[in-house]
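Results of the structural survey
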Amino acid sequence: MINANTKICCIIGNPVGHSLSPQMHNAAFTELSLNYVFTALKVTHLKKAVEAFRTLGLPAVVVTVPHKMDILKYVDGADESAAKIGAANLIINRNGRLTAYNTDWTGALKSLKEITDLKGKKVALLGAGGAARALVFGLKKEGSLVSVFNRTRSHASQLKEEFCLEEVFSLTDSAKISENDIIVNTTSVGMEPDDKVSPIADESIRSSQIVFDIVYTPHMTKLLSDAKKKGAAIVHGYKMVLYGGTGIFEQITGKRAPVRVMEEALLKNLK
Ligand code: ATR
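Here's what I pulled together on the structure shown here. (Residues numbered from 1 in each chain as written. Predicted model: local features only at pLDDT ≥ 70, side-chain atom pairs only at ≥ 80, totals over all residues. Heavy atoms only, no water.)

1. Some words on the overall build of the protein
Across its full length, the protein carries 10 helices and 12 strands. Over its C-alpha trace the protein gives a radius of gyration of 19 Å, about what one expects of a compact globule, namely 18 Å for 271 residues. In terms of overall dimensions, the protein has C-alpha extents of about 60 × 35 × 35 Å along its principal axes. A buried classification covers 50% of the 271 residues belonging to the protein. Accessible surface, the protein: about 12800 Å² in total, of which carbon and sulfur atoms supply 51%. (Helix = DSSP H or I, 4+ residues; strand = E, 2+ residues; numbered from the N terminus. Rg over C-alpha atoms; globule rule 2.2 N^0.38 Å. Buried < 20%, exposed > 50% of the residue type's maximum accessible area, 1.4 Å probe, protein only. Areas by Shrake-Rupley, 256 points an atom, 1.4 Å probe, with all protein chains shown as cover.)

In structure tokens form, the structure reads like this:
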């Protein structure tokens, strides 16, 4: 029941109408009978929006595209991961002090660690943008050996220098991609409505590999479908949304997240 004591949380972004965070978090609040509500707000003027959160004293704000980097300019502090990645997806308000966190990397790592160890594994990271930075931060922490494959070489080289990665290649370098134990796609290639394409040729994939696509619409991307046909193990993108979300829920409420309830809410609304 929503009443005068209900704590209001929201996700801000632009666009934000497609976000599944409200369904996922509201299902979890209901499951644990917590007096919270979670909604979505389209934000065009980030600085003014942050001033409004401070004024209203909202307990937590989830941040999505295109504000994940700029939000760091308007908060009072950031944890180590958000600072190093240069992006945050969660702001927690503690007595008026706003702190930025990043659960994209923890969500991605948990998705992979469900099926494999990461220490010493060779990872082909496709893409060199914001999402790639979060993955690289986490993979390096786990002791993986990361090579970057990207359309624009200079972007990949920049990432390699900053995070001391292995090597830089083109997305068309199938032989090099196939040498890796794990392939992670962080590019937007294959996302609806352009869901008939894959960022790499299918000869880049071997049956012994694990292929993780962070694109979650469609559920079965062309890359994952190619990987499945090759006999490789696949990890769907919604897992990163789920485990990033459970991290957010636990930061906000201090309670253990009801993972299966959140997964059900996510999958029901994805289909
Ligand atoms: P995000 O924050 O979601 O990672 P981003 O920072 O814009 O988004 O990064 C998008 C990534 O997808 C980049 O690596 C981009 O490649 P470039 O560095 O060459 O721009 C990659 N990307 C986007 N569209 C692509 C396409 N059509 N083909 C290949 N790579 C693409």
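2. Digging into the pairing of strand β11 (residues 210-213)
Taking every second residue as pointing to the same face, both faces of β11 are buried, with Ile210 and Phe212 on one and Val211 and Asp213 on the other. With four bridges joining them, strand β10 (residues 182-185) and β11 adopt parallel strand pairing. Bridging from a neighbouring strand, isoleucine 182 pairs with isoleucine 210 of β11. Pairing analysis gives three bridges linking β11 to strand β12 (residues 233-235), with the strands arranged parallel. (Pairing = 2+ DSSP bridges.)

3. Quick look at the pattern of salt bridges
Should their charged atoms come close, side chains of opposite charge can pair. For the structure shown, the criterion picks out 14 salt bridges. Here lysine 47 ties to glutamate 51 by a salt bridge, and the two come within 4.0 Å at their closest N and O atoms. Here lysine 47 pairs with glutamate 51, and both are found in helix α2 (residues 46-56), just four residues apart, close to one helical turn. Overall, lysine 47 belongs to the partly exposed group, its relative accessible area being 43%. The partly exposed category is assigned to glutamate 51, whose relative accessible area is 42%. Between glutamate 161 and lysine 160 there is a salt bridge, and its shortest N-O distance comes to 3.8 Å. Lysine 160 gets classed as partly exposed once you look at its relative accessible area, which sits at 24%. (Salt bridge = Lys/Arg side-chain N within 4 Å of Asp/Glu carboxyl O.)

4. As for the site of the ligand
Residues in contact with the ligand amount to 13 residues; listed here are only the nearest, Ala128, Ala131, Asn150, Thr152 and His155. Taking alanine 128, its main chain carries an N or O atom lying 2.8 Å from an oxygen atom of the ligand. Here an oxygen atom of the ligand and a backbone polar atom of glycine 130 are 3.0 Å apart. Burial of the ligand by the protein amounts to 62% of the accessible area it has alone, namely 650 Å². Considered class by class, the residues forming the shell around the ligand number four nonpolar, eight polar and one charged. (Near = heavy atom within 4 Å. Polar contact = N/O pair within 3.5 Å; in protein donor to acceptor, adjacent residues only side chain to side chain. Nonpolar A, V, L, I, M, F, W, Y, C, P; charged D, E, K, R; others polar.)

5. Observations regarding the sheet that holds β12
The sheet built from six strands is open, its strands ordered β9-β8-β7-β10-β11-β12 with parallel pairing. A strand with exactly one partner marks an edge of an open sheet, and here the two such strands are β9 (168-169) and β12. Here helix α8 (residues 222-230) sits on the sheet in contact with β10, β11 and β12, set at roughly 165° to β11. (Contact = heavy atoms within 4.5 Å. Axes fitted to C-alpha atoms, helices over the stretch in contact; angles between N-to-C directions.)

6. Focus on the nonpolar core
Counting residues in hydrophobic clusters, the biggest one holds 30 residues, and the most contacted among them are Leu112, Leu125, Leu135, Leu139, Leu159, Val184 and Phe212. Looking at this core, the elements with two or more residues in it are α4 (104-113), β7 (122-126), α5 (130-142), β8 (145-149), α6 (153-163), β10 and β11. Broken down by element, the residue count for this core peaks at six residues, all from α5. Those residues in contact with leucine 139 that sit more than four places away from it in its chain are Leu109, Leu112, Leu118, Val123, Leu125, Ser144 and Val146. Counting residues in hydrophobic clusters, the runner-up holds 24 residues, among them Cys9, Leu20, Ile248 and Met262. (Core = buried A, V, L, I, M, F, W, Y, C linked by side-chain atoms within 4.5 Å.)

7. Here we look at the packing of helix α9 (residues 238-253) against helix α10 (residues 259-270)
It is at 10 Å that the axes of α9 and α10 come closest, and there the two elements cross at 135°. With respect to α10, the element α9 is oriented oblique. In terms of crossing hand, the pair formed by α9 and α10 is right-handed. Within the contact between the two elements, α9 uses Tyr238, Lys239, Val241, Leu242, Tyr243, Gly245, Thr246 and Phe249 and α10 uses Val259, Arg260, Met262, Glu263, Leu266, Leu267 and Leu270. Grouping the amino acids of the contact of α9 with α10 by side-chain chemistry returns 10 nonpolar, two polar and three charged. (Parallel < 35°, antiparallel > 145°, perpendicular 65-115°, else oblique. Left-handed = near helix turned anticlockwise from the far one by under 90°.)

8. A word on the sheet that holds strand β6 (residues 97-101)
An order of β2-β1-β3-β5-β6-β4 is seen for the six strands of this open sheet, with the pairing classed as mixed. Among the strands making up the open sheet, the edge pair consists of β2 (36-42) and β4 (77-78). Direction of pairing for β4 relative to β6: parallel, over a ladder of two bridges. Counted as the bridge partner of alanine 78 is alanine 100 from β6. Running over the sheet, helix α1 (residues 21-31) touches β1 (7-13) and β2 and is turned about 170° from β2. Sheet strands touched by α9: β1, β2, β3 (60-63), β5 (90-94) and β6. Its angle to β5, the strand with the most contacts, is close to 5°.

Read these as spatial facts, not as claims about activity.
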